[in-house]
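Single-letter residue listing:
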Amino acid sequence: MRRHGWHILWQGDTLVLARAVPVRFDVSAQTRLPAVRRPLRLAQQVRQDLWRALRDLRGFSPCVSVAPQGGEVILRAGGRAAHPVAPGVPARIAAVLEDGANRARWTRWAA
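We now turn to the structure provided with this report.

Reading the values: the criteria
Residues numbered from 1 in each chain as written. Predicted model: local features only at pLDDT ≥ 70, side-chain atom pairs only at ≥ 80, totals over all residues. Heavy atoms only, no water. Axes fitted to C-alpha atoms, helices over the stretch in contact; angles between N-to-C directions. Helix = DSSP H or I, 4+ residues; strand = E, 2+ residues; numbered from the N terminus. Parallel < 35°, antiparallel > 145°, perpendicular 65-115°, else oblique. Left-handed = near helix turned anticlockwise from the far one by under 90°. Contact = heavy atoms within 4.5 Å. Nonpolar A, V, L, I, M, F, W, Y, C, P; charged D, E, K, R; others polar. Phe/Tyr/Trp six-rings, centres within 6.5 Å; stacked < 30°, edge-to-face > 60°. Lys NZ or Arg CZ within 6 Å of the ring centre and 35° of its normal. Salt bridge = Lys/Arg side-chain N within 4 Å of Asp/Glu carboxyl O. Buried < 20%, exposed > 50% of the residue type's maximum accessible area, 1.4 Å probe, protein only.

Bringing the packing of helix 1 (residues 39-54) against helix 3 (residues 100-110) into the picture now. The N-to-C vectors of helix 1 and helix 3 enclose an angle of 150°; their axes lie 8 Å apart at closest approach. Considering the angle they form, helix 1 stands roughly antiparallel to helix 3. Here helix 1 runs over helix 3; the crossing is right-handed. Counted together, Arg 41, Leu 42, Gln 45, Val 46 and Asp 49 of helix 1 and Asn 102, Arg 105, Trp 106, Trp 109 and Ala 110 of helix 3 form the full contact between these two elements. When grouped by side-chain class, the residues that make up the contact of helix 1 with helix 3 number 5 nonpolar, 2 polar and 3 charged.

To continue, consider the packing of aromatic side chains. Scanning the model with the defined rule gives 0 aromatic pairs in all. Stacked on the ring of Trp 6, the Lys or Arg Arg 19 has its end atom at 4.9 Å from the ring centre. The ring of Phe 25 has Arg 76 sitting right over it, with the charged end atom 4.1 Å from the ring centre.

Okay, the environment of Leu 54 next. Of note, Leu 54 is situated in helix 1. Excluding residues within four positions of it along the chain, Leu 54 makes contact with Phe 60, Val 89, Arg 92 and Ile 93.

Quick look at the pattern of salt bridges now. Enumeration according to the criterion identifies 6 salt bridges in this entry. When the shortest N-O distance is used, the salt bridge between Arg 105 and Asp 49 registers 2.6 Å. Of this pair, Arg 105 sits in helix 3 while Asp 49 sits in helix 1, placing them 56 residues apart in sequence. On the basis of relative accessible area, Asp 49 is assigned to the buried category, the value being 9%. In this structure, the salt-bridge partner of Asp 56 is Arg 92, at a minimum N-O distance of 2.8 Å. With a gap of 36 residues between them, Asp 56 in the loop between helix 1 and strand 5 (60-69) and Arg 92 in helix 2 (residues 89-98) connect regions that are remote in the sequence.

The values reported here are purely geometric and, on their own, carry no functional implication.
Here you go:
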């Protein structure tokens, strides 16, 4: 399904939100969060924050996957890069994912 220029794909019980298909994670980081009832809301919020953090990265197209596992979700954020990425980009993605304020807002919004 495509919504507002974004592809919303279900691969089993895993949700993938991507700007372009086929989905590619040329650069990414992942984290665990508490289980949420609205994985699409979670993916959209993460995608927005990721885009804000990496908007200076030319040719970057964000992707987010949300996969339930037990009482948690495995969240992978990153995306497609048109050019080679600098070594610090995965750490920038991880910083967005591990920010306590972001995590609280995401889980509250997707609860």
